[in-house]
Structures are given as C-alpha cells and as structure tokens.
Amino acid sequence: ETVPPQHILTLEKDPNFQLLQTNTVGLPYTLFFNKDREPWNELKARQAVQLAVDVDTIVKTLYLGTYERAWSPLKPGTFGYDASLEQSIKPDIPKSNRLLDELGWVRGEDGIRAKDGKKLTLRYVDGTPNREKRNDIAVMIQQQLKQIGIAVEVEITKDIRTVVYTNGDYDLYGNSQVNSDPNALYSFYHSYDPKGQASLSRLNDPDVDQWLEQGRVEKDDAKRAELYQQVQQYIIDHAIILPIYVFPYTV
C-alpha cells in the first residue's frame, strides 16, 4: 500500500501485477493558515498566498498524474462535497502583488517585502520524513512565494505536538484525515475554547459554527449537504486553507 507515484506508473504497465487504486474520502492534504498570527490574520495576506501558490504544478510535478488535485476542505466522494469549487482558484501573480502592496509590504533590495522594519516571512512547519513528498511541497511553495516577496522558512520537526499543537508556532501546517462523514470538518474549523486545544485553522466565525453545529443534527440529507457546502465555500472564499491533493489508496 501507499505505492510511490513513480512505481504506480511502472506497475500499471507490468502485466504481472494488478494495480488497485481508489481515492480516500474525508479531508484532503490541506495546508492550514494560523489565523492567530500576523499578517495571516488578514484576508488579503492569505489571498495573496492562495493566488501565488500553483497547486496544479505542484501536484503534477510531484505525483506524475497519479494523485488528484484538491479544491475543497473535503475530498470528492465525501457526502456534501461541493464540486462547484473545482477550477475556482487560478494562480494570479499580479493580483498577489497588488494585495501585498495594499497591505503596505514593500519589496527590499533582496526581493523580500518588509513593513515597519520587519521582513515578510512565512513559517512553514512539516512533521513527516517526506511522506508522500510533503517536504518537496514545502520547497516548491518556498520557491513560488519568493516571486511575490515572501520569505518562507521551512521547519521539519518530529515534535509536532509541541511546535504546532502546544505552542502554535507555525504560519502554515499540513494535515489530512480519512473520514466518511463531513462532520470531520468540525474539529478543524469550529471555534475553539481558549482554555482548550486550538484548531489548526484558528477559525472563529459564528456563521461557520452554526452551519457545523446544525450539520451534526440535521436529518434531511439535502439540507445537510447544503450546510456543508456553505462551510466549504466560506473556507475557500476566505482563504483559510490551501487544499493540495487527494490521497489515493493503492495496493
């Protein structure tokens, strides 16, 4: 299982093997902004990153056409998945630059933007020894964001519990979850008790809370799907995350 992409391509052509592959359901591999940290608490800053990261190129380059690109906080095939989000975000470097200009971040001689004497840096944390090429995603995003004047600091750590969950010391952190129900969104996007463990997104919005709470108890499937579609649209419209890829289960 978890056959590397290059081996999938080889095995597909080998008559001695039968390759079985199906996409998992739940939450795709997703990069979560930490909305508690500046400047990522500002919509325009997150949108600038959203429009500068070329997810298509990342997924095609690293996974050779064997993984699908993700568009939503949910994977296709999960109940309530909103297919209207597909193709909704396209890279737009000029707009990214305009958004950062509007926020007052000015390019320095080294090409990195700064404001009030502070460089525009994004702390990208990952906790896997290049599982599913996730470290390579970090390197590609580092290169892509340099184009718009953001310096990406990549930290690979084994101590995710302390760095991410205890200290919240990240601007961008990736995670995924296999789950058969969209209620999986609750623990990632519902407002959190300040005395308890924070969610990865640090999202705190009463509308999203209401949709998620109602989704847990709604018995009408059509109404329930609509609630989760509203959640997905809000998350993408407000650039709360960068959805990256849908993991295929391969044997």
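Note that the structure is predicted; figures quoted are calculated from it, not measured.

Reading the values: the criteria
- Per-chain numbering applies: the sequence of each chain, read as written, is numbered from 1 onward.
- With pLDDT at 70 or above as the cut-off, local features in this predicted model cover only qualifying residues; side-chain atom pairs require 80 or more to be listed or tallied, and sums for whole chains, interfaces and linings still use all residues.
- Note that water and hydrogens are dropped before the side-chain values are worked out from all heavy atoms of the structure.
- All axes here are fitted lines through C-alpha atoms, helices being fitted over the stretch that makes contact, and every angle between N-to-C directions spans 0 to 180 degrees.
- Secondary structure elements follow DSSP: runs of H or I no shorter than four residues count as helices, runs of E no shorter than two count as strands, and numbering proceeds from the N terminus.
- Every angle not falling under 35 degrees, over 145, or within 65 to 115 is termed oblique; those three ranges are roughly parallel, roughly antiparallel and roughly perpendicular.
- Handedness of a helix crossing follows the sense of rotation of the near helix relative to the far helix, less than a right angle counterclockwise being left-handed and clockwise being right-handed.
- Any two residues whose heavy atoms approach within 4.5 Å at even a single point are treated as in contact.
- Under the convention adopted here, Pro, Cys and the residues Ala, Val, Leu, Ile, Met, Phe, Trp and Tyr are nonpolar, Asp, Glu, Lys and Arg are charged, and Gly plus all remaining residues are polar.
- A 1.4 Å probe rolled over the protein chains alone gives each residue an accessible area, and that area as a share of the maximum for its type sets the label: buried under 20%, exposed over 50%, partly exposed in between.
- The pairing criterion for strands is at least two bridges between them, as found by DSSP.
- The span one expects for a helix is its residue count, reduced by one, times 1.5 Å.
- Any pair of N or O atoms that falls within 3.5 Å is considered a polar contact. Within protein, one atom must be able to donate a hydrogen and the other to accept it, and sequence-neighbouring residues count only if both atoms are side-chain atoms.

### Points about the packing of helix H3 (residues 55-63) against helix H5 (residues 134-146)
Relative orientation and spacing of two packed helices are given, respectively, by the angle between their axes and the distance between those axes.
Alright, step 1. Running from N to C, H3 and H5 point in directions that differ by 140°, and their axes come no closer than 11 Å. With respect to H5, the element H3 is oriented oblique. Note on packing geometry: the crossing formed by H3 with H5 is right-handed. Between H3 and H5, the contacting residues are Thr57, Ile58, Thr61, Leu62 and Tyr63 on the first element and Asp136, Ile137, Met140, Ile141 and Gln144 on the second.
Alright, step 2. Looking at side-chain class alone, the contact of H3 with H5 contains 6 nonpolar, 3 polar and 1 charged residues.

### A short note on the pairing of strand S10 (residues 241-246)
Alright, step 1. Most of S10 sits inside the fold, with 6 of its 6 residues counted as buried.
Alright, step 2. Of the pairings in the sheet, the one linking strand S2 (residues 26-33) to S10 comprises 4 bridges and is antiparallel in character. Residue pairing in the sheet places Thr30 in a bridge with Pro243 of S10.
Alright, step 3. Looking at chain direction, strand S3 (residues 68-69) and S10 are connected through 2 bridges and run antiparallel. Following the sheet pairing, Glu68 is matched in S10 by Val246.

### Quick look at the sheet that holds strand S7 (residues 121-126)
Alright, step 1. Pairing within the open sheet is mixed, and its 6 strands lie in the order S3-S10-S2-S9-S7-S8. Single-partner strands in this sheet number two, and they are S3 and strand S8 (151-156).
Alright, step 2. Against the sheet, H5 contacts S2, S7, S8, strand S9 (172-178) and S10, and its axis sits at roughly 170° relative to S7.

### Points about helix H9 (residues 221-237)
Alright, step 1. Between the first and last C-alpha of H9 there are 24 Å, a value that for 17 residues agrees with the 24 Å anticipated at 1.5 Å per step.
Alright, step 2. Of the residues making up H9, those classed as buried are Arg224, Ala225, Leu227, Tyr228, Val231, Gln232, Tyr234, Ile235 and Ile236.
Alright, step 3. If you follow the buried residues of H9, they end up packed against helix H2 (43-52), helix H7 (186-189), helix H8 (206-217) and S10.
Alright, step 4. You can read the cap of H9 off the contacts: a side-chain oxygen lies 2.9 Å from the backbone nitrogen of Ala222, and it is on Asp220.
Alright, step 5. One or two positions beyond H9, positive phi appears at Ala239, with a value near 50°.

### Details of the side chain of Thr250
Alright, step 1. Take Thr250: it is sitting in strand S11 (residues 248-250).
Alright, step 2. Judged by its relative accessible area of 1%, Thr250 falls in the buried class.
Alright, step 3. A polar contact is formed between the side chain of Thr250 and the side chain of Gln21, at a distance of 3.2 Å.

### Here's the deal with the pairing of S2
When a strand is regular, its side chains alternate between the sheet's two faces.
Alright, step 1. Among the 8 residues that make up S2, 8 are buried, leaving the element largely enclosed by the rest of the structure.
Alright, step 2. Across 6 bridges, the pairing between S2 and S9 is antiparallel. Bridging from a neighbouring strand, Thr30 pairs with Asn175 of S9.

### Focus: the sheet that holds strand S6 (residues 118-119)
Alright, step 1. The strand order S4-S5-S6 describes an open sheet built from 3 strands, whose pairing is antiparallel. Taken across any chain shown, the strands that pair with only one partner, and hence form the sheet edges, are strand S4 (106-107) and S6.
Alright, step 2. Where strand S5 (residues 113-115) lies against S6, 2 bridges are found, and the strand directions are antiparallel. Paired with Ala114 across the strands is Lys119, a residue of S6.

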